[in-house]
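Letter by letter, the chains look like this.
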Amino acid sequence: MAKVAWIGLGVMGYPMAGHLLAKGAHELAVYNRTRAKAEAWVTAHGTGTHHATPADAAKNADFVFACVGNDDDLRQVTLGPDGAFSAMRRGAIFIDHTTASADVARELSAAAAERGLGFIDAPVSGGQAGAEAGQLTVMCGGDPTVYRDAEPLILTFAKAARLMGPAGSGQLTKMVNQIAIAGLVQGLSEAIAFAENAGLDVPAVIDTISKGAAQSWQMVNRWETMHARRFDFGFAVDWMRKDLGICLAEARRNGSALPIATTVDGLYAEVQDNGGGRWDTSSLITLLPSPAIQGAKRDPHAK
Ligand code: NAP
């Protein structure tokens, strides 16, 4: 039975840590910046301990998992004054599920190696629903022997996990994922708004075309709520802008052109300006003219 610490019990981290406990039967020490969430997690699971700092949670652990917001948050919980790295014992492994830059992954991997620690960057795809169902996809970067030790624990909340290459490769793979999704959601938004404005029976249209070449995860899982202009389904526009910012910076460095991702990033900025930072990413459709449904239900928070 491994000793495990978990840092960051947000929308994703809370259920992921729960699966790790339930399926791995590990001893779990948790830390969350807002302490009440860590207390609630321990109460809800009837076991585990909560700690005042990342260092306290991590000090006896064989594996330390994190799922926080961005690069700066990650640096704070690892290298900060009460960060996990200062307390972890040699040979322990840090697994980071935050979506962050490849640069910070390489920086933390090097800092971990200096202290005799293992480090895996391991961003996830699958959203809140995937985290709650324990069905995430995990893209990893790091040393193969370290990954081999971490993989069984990762698979307690994932349907698939794969080592993509050295440190930073997990984050680079997640960037590919976000670049692929960005244009697709805009295309789906345009398609649904066009169908509405053309006076078509939208459910019939989707039922038909989702059996053909236009089918996508976004179409199958989001068309209905997009058509109803409801945007309370997990991955927020604010997070997507953070991710696209990381993708665009990396593209400038590696010589890639991202014309569609750049355009979509600008469109998400408009959604933010309209107050939709916490709406889910399918809210791109709100920017399109839809005379056919003017006056219909348009409250984006309506269930
Ligand atoms: P969230 O609900 O906002 O949770 C973020 C967690 O990080 C919270 O526990 C927060 O603590 C903690 N945190 C943030 N900054 C911190 C700091 N400086 N020091 C210590 N703790 C800090 O976010 P989430 O939806 O779980 O997303 C987490 C990561 O997964 C992000 O990188 C996101 O891009 C990625 N992701 C999210 C989804 C999704 O659908 N939500 C899907 C794939 C990937 P508090 O409780 O105190 O705020």
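See above for the structure.
Our subject in this report is the structure included herewith.

Before going further, it helps to examine the overall build of the chain. Within the chain, the secondary structure is distributed over 12 helices and nine strands. Taken against the 2.2 N^0.38 rule, which gives 19 Å for 303 residues, the C-alpha radius of gyration of the chain at 21 Å falls within 12% of a compact globule. By its C-alpha atoms, the chain is 65 × 45 × 35 Å across when sized along the principal axes. Per-residue burial for the chain yields a buried fraction of 50% across its 303 residues. A separation of at least 24 residues holds for 68% of the contacts in the chain among residues at least 6 apart in sequence. Counting only carbon and sulfur atoms, one obtains 54% of the accessible surface of the chain, whose full area is about 13,500 Å². Within the chain, the 31 negative side-chain charges are centred at a point lying 3 Å from the centre of the 27 positive side-chain charges.

Let us now look at helix H4 (residues 71-79). Along H4, the residues classified as buried are Asp-71, Leu-74, Val-77 and Thr-78. Buried residues in H4, looked at end-on, bunch into an arc of 135 degrees, giving them a common side. In H4, the exposed residues that point more than 90 degrees away from the buried face are Asp-72 and Gln-76. In the core, the buried residues of H4 are packed alongside strand E1 (3-7), helix H3 (54-58), strand E5 (93-96) and helix H5 (102-114). At the N-terminal boundary of H4, the capping side chain belongs to Asn-70, with an oxygen 3.1 Å from the backbone nitrogen of Asp-72.

Residues in contact with the ligand amount to 24 residues; listed here are only the nearest, Val-11, Asn-32, Thr-34, Lys-37 and Gly-69. Thr-34 is positioned such that a nitrogen or oxygen atom in its side chain is 2.5 Å from an oxygen atom of the ligand. For the ligand, an oxygen atom lies 2.8 Å from a polar atom in the backbone of Gly-69. Burial of the ligand by the surrounding chains reaches 91%, relative to a free accessible area of 900 Å².

Trp-6, Leu-28, Phe-65, Ile-95, Leu-136, Val-138 and Ile-154 are the most contacted members of the largest nonpolar core, which has 34 residues in total. Element by element, the count of residues in this core is highest for helix H7 (residues 144-154), at five residues. Filtering out sequence-adjacent residues up to four positions away, Ile-154 remains in contact with Phe-65, Ile-95, His-97, Val-138, Cys-140, Tyr-147 and Ala-161. Membership of the second largest hydrophobic core comes to 31 residues, among which are Met-226, Ala-261, Val-264 and Leu-284.

This next bit is on the packing of H4 against H5. Between H4 and H5, whose axes approach to 11 Å, the crossing angle comes to 10 degrees. Accordingly, the angle class assigned to the pair H4 and H5 is roughly parallel. For the pair H4 and H5, the contacting residues are Asp-71, Leu-74, Arg-75, Thr-78 and Leu-79 in the first and Val-104, Glu-107, Leu-108 and Ala-111 in the second. Taken together, the residues of the contact of H4 with H5 break down into five nonpolar, one polar and three charged.

Quick look at the packing of aromatic side chains now. Applying the stated criterion across every chain yields a total of six aromatic pairs. With centroids separated by 5.8 Å and ring planes inclined at 80 degrees, the aromatic side chains of Trp-6 and Phe-157 adopt a geometry described as edge-to-face. With a gap of 151 residues between them, Trp-6 in strand E1 and Phe-157 in the loop between H7 and strand E9 (158-165) connect regions that are remote in the sequence. Trp-6 sits in the buried class, given a relative accessible area of 0%. Phe-157 gets classed as buried once you look at its relative accessible area, which sits at 0%. In textbook terms, an aromatic cluster arises when at least three aromatic residues are bridged by ring pairs, as seen for Trp-6, Phe-65 and Phe-157. Sitting over the face of the ring of Phe-235, Lys-174 holds its NZ or CZ atom 6.0 Å from the ring centroid.

Let's shift gears to unusual backbone geometry. Even without glycine at this site, Arg-229 takes up a positive phi of about 55 degrees. Given the relative accessible area of 1%, Arg-229 is considered buried.

On to the side chain of Ser-282, then. Mapped onto the secondary structure, Ser-282 falls in the segment after helix H12 (259-273). Judged by its relative accessible area of 1%, Ser-282 is buried. Setting aside residues no more than four positions away along its own chain, Ser-282 makes contact with Val-185, Ser-189, Arg-222, Met-226 and Phe-231.

About the cut-offs
Residues numbered from 1 in each chain as written. Predicted model: local features only at pLDDT ≥ 70, side-chain atom pairs only at ≥ 80, totals over all residues. Heavy atoms only, no water. Helix = DSSP H or I, 4+ residues; strand = E, 2+ residues; numbered from the N terminus. Rg over C-alpha atoms; globule rule 2.2 N^0.38 Å. Buried < 20%, exposed > 50% of the residue type's maximum accessible area, 1.4 Å probe, protein only. Contact = heavy atoms within 4.5 Å. Areas by Shrake-Rupley, 256 points an atom, 1.4 Å probe, with all protein chains shown as cover. Lys, Arg positive; Asp, Glu negative; His and termini not counted. Charge placed at Lys NZ, Arg CZ, Asp CG, Glu CD. Arc of directions from axis to C-beta. Polar contact = N/O pair within 3.5 Å; in protein donor to acceptor, adjacent residues only side chain to side chain. Near = heavy atom within 4 Å. Core = buried A, V, L, I, M, F, W, Y, C linked by side-chain atoms within 4.5 Å. Axes fitted to C-alpha atoms, helices over the stretch in contact; angles between N-to-C directions. Parallel < 35°, antiparallel > 145°, perpendicular 65-115°, else oblique. Nonpolar A, V, L, I, M, F, W, Y, C, P; charged D, E, K, R; others polar. Phe/Tyr/Trp six-rings, centres within 6.5 Å; stacked < 30°, edge-to-face > 60°. Lys NZ or Arg CZ within 6 Å of the ring centre and 35° of its normal.

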